[in-house]
Amino acid sequence: MSELVMAIDAGTTGITVLVVDSESNIRGRAYSEFAQHYPRPGWVEHDPEEIWKTTCSVVTGALRDAGVEAADLAAIGITNQRETAVVWERASGTPIAPAIVWQCRRSAAICERLRVQGLEDELRHRTGLVLDPYFSATKIIWYLEELDGVRSQAERGELAFGTIDTWLVWKLTGGRTHATEPSNASRTMLYSLDSADWDDWVLEELSIPSSLLPEVRPSSGRFAETSTPDVFDGTAVPISGIAGDQQAALFGQACFNEGMAKNTYGTGSFVLMNTGRIPARSRHGLLTTAAWDLGAGVDYALEGSIFITGAAVQWMRDGLGLIAASADTEPLAASVEDSGGTYFVPALVGLGAPHWDPYARGAWLGITRGTTKAHLARAIIDAMTFQTRDVVEAMTADSGVQLGELRVDGGASAMDLLCQTQADLLGVTVRRPANLETTALGAAYLAGLGEGVWSSTGELSQAWRAAAEFEPQRSSEETESAYRGWKKAVERARSWVDPE
């Protein structure tokens, strides 16, 4: 049996594909970005067909880099940007409109309407999520209400909805499989934490036809086999593991025990804590989410979703022209001792956990004549760590568990300055793994477990290694003073835009 697993990581700004062996070594890798579309302020869209074409190209590149063929693969794992909504015609497989990205705020008015209708508390109890445009449900409602003929098509069963995992599985199987798994399903605001399936009450109250929805299957185990001439040379390769990107990163970080936590510094940042078989209900602005289902039931997590972290670096590069490349951020920020009293609140698409304010907007505060672009770069890095502390404090209050360590990953975690600042601000050890591709690695592990490449999570735990550890160095007085300034800055940025 082959011991090579392919992981397809369909992120928010690009596609990464890895070929991983049974020793967790990366044998091949390829990556390509795809376009981001901003048709109106606060709106974010992707082209689903471009995501598919990019995936095909990157899969081919990863196989070439590994020097192997599709027939050499034991399994494929998929991980993906979550909440992003795609709706397509079942007969043709053609999307009815651009995908509405998780960052998009266009359904804020729909959320307000549902809140006025008195649905907020019951929705939160059933789904574990807050009523916010972030999640897929109100994006689906937007499609149904704003596009001519879509509701009637949906009610006739002619349309299919999916998050990006579902879209890719549909395409990879030639339209034969319409399925997802709990970690993605639980991000739609249509999934019941109690029944571990779609919630009929929610569907009825939101007037969403159940015929739109994919089947929910376990996260590890054979979903289907590939069946497309566009990729894998027509070879039938098992698709045997799927998870949303943040749950996949939790799995890739080997956070298999209750109380273990990780933070992924990607486009946004996402702090997850494993809570085991019990869906812990948050009272402090966090989300209760399915982590994964290995075939014996769902494990759950508490999550704090931070919308903008690495995306602020991209904005500093592309929107402001302050840096030529993302890699310039750390040396520029490290050229000054601190941010010079400058704070950046990256509410470019509103604020996520624990504030949940879609009407907040980005703000620079504390700027003086002496402020330089180096101070602004430092403030952007600081904002990543401040937002993480906001979430960790809420997580501790909800779980009663004091964080012992934080495992970190994602592109920005390669910055020592970020990791050290985070350790100082949290007062705990920050551990960075030897392999930063933990999201894709988590998808590979889920698929490999499904096909017997790995025997157990215990085997995977033994393979996890830290490449660097960062211990707190700054005094608590210094960090607490900085954090108080951050909280003042957040209050200035909140409720900047009037509700529609």
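What counts, and where the lines are drawn
Residues numbered from 1 in each chain as written. Predicted model: local features only at pLDDT ≥ 70, side-chain atom pairs only at ≥ 80, totals over all residues. Heavy atoms only, no water. Pairing = 2+ DSSP bridges. Helix = DSSP H or I, 4+ residues; strand = E, 2+ residues; numbered from the N terminus. Axes fitted to C-alpha atoms, helices over the stretch in contact; angles between N-to-C directions. Buried < 20%, exposed > 50% of the residue type's maximum accessible area, 1.4 Å probe, protein only. 1 Å grid on protein atoms, 1.4 Å probe; cavity = no way out; pocket = protein on both sides within 12 Å on 5 of 7 lines; lining within 4 Å. Points joined across faces, edges and corners; volume = space filled by probe spheres on them. Patch = residues over 30% accessible without salt bridge, like charges linked within 9 Å, V, L, I, M, F, W, Y side chains within 5 Å. Areas by Shrake-Rupley, 256 points an atom, 1.4 Å probe, with all protein chains shown as cover. Salt bridge = Lys/Arg side-chain N within 4 Å of Asp/Glu carboxyl O. Lys, Arg positive; Asp, Glu negative; His and termini not counted. Charge placed at Lys NZ, Arg CZ, Asp CG, Glu CD. Polar contact = N/O pair within 3.5 Å; in protein donor to acceptor, adjacent residues only side chain to side chain. Right-handed = clockwise from strand over helix to strand, strands pointing away. Contact = heavy atoms within 4.5 Å.

A. Examining the sheet that holds strand β3 (residues 26-33) more closely. With respect to topology, six strands assemble into an open sheet ordered β3-β2-β1-β5-β14-β13, the strand pairing being mixed. Across the chains shown, the open sheet's two edge strands, defined by having one partner strand only, are β3 and β13 (220-225). With direction set aside, neighbouring strand axes in the sheet form an average angle of 25°. Pairing between strand β1 (residues 4-10) and strand β5 (residues 73-80): seven bridges, direction parallel.

B. Expanded view of the pairing of strand β17 (residues 287-293). Among the seven residues in β17, seven count as buried, and that is most of the element. Sheet topology places β17 next to strand β18 (residues 298-306); six bridges connect them, and they run antiparallel. Directly across from aspartate 293, in β18, lies its bridge partner valine 298.

C. Main features of empty space enclosed by the protein. One pass over the full model with this rule turns up one cavity of 30 Å³ or more. Estimates place the volume of the largest cavity at around 60 Å³. Lining the largest cavity are Ile306, Phe307, Leu351, Gly352, Ala353, His355, Gln387, Asp390 and Trp486.

D. Representation of a negative patch on the surface within the structure. A surface patch of negative charge is lined by Asp197, Asp200, Glu204 and Glu205. No other element matches the three residues that helix α8 (residues 200-206) contributes to the negative patch. Position of aspartate 200 among the secondary structure elements: in helix α8. Residue aspartate 200 is classed as exposed on the basis of its relative accessible area of 61%.

E. Seen up close, the side chain of threonine 288. As for its placement among the helices and strands, threonine 288 is situated in strand β17. The exposure class assigned to threonine 288 is buried, which follows from its relative accessible area of 2%. From its side chain, threonine 288 meets the backbone oxygen of alanine 280 in a polar contact 2.5 Å long.

F. Seen up close, the pairing of strand β22 (residues 429-433). The element β22 is extensively covered by neighbouring structure, given that five of its five residues are classed as buried. Taking every second residue as pointing to the same face, both faces of β22 are buried, with Thr429, Arg431 and Pro433 on one and Val430 and Arg432 on the other. In terms of strand pairing, strand β21 (residues 405-409) meets β22 through three bridges, oriented parallel. From the neighbouring strand, leucine 406 faces β22, where its bridge partner is valine 430. In this fold, β21 hands off to helix α13 (residues 416-426), which returns the chain to β22; that crossover is right-handed. Relative to strand β23 (residues 466-470), β22 runs antiparallel, the two being bridged by four bridges. When the sheet's bridge partners are listed, arginine 431 is paired in β23 with glutamate 469.

G. Examining helix α4 (residues 136-146) more closely. Taken across its 11 residues, α4 has nine buried, putting it largely inside the fold. Among all positions in α4, only Ser136, Ala137, Thr138, Lys139, Ile140, Ile141, Trp142, Tyr143 and Leu144 are buried. The inward-facing, buried residues of α4 abut β6 (86-89), β7 (99-100), α2 (108-116), α5 (150-155), β8 (159-162) and α8.

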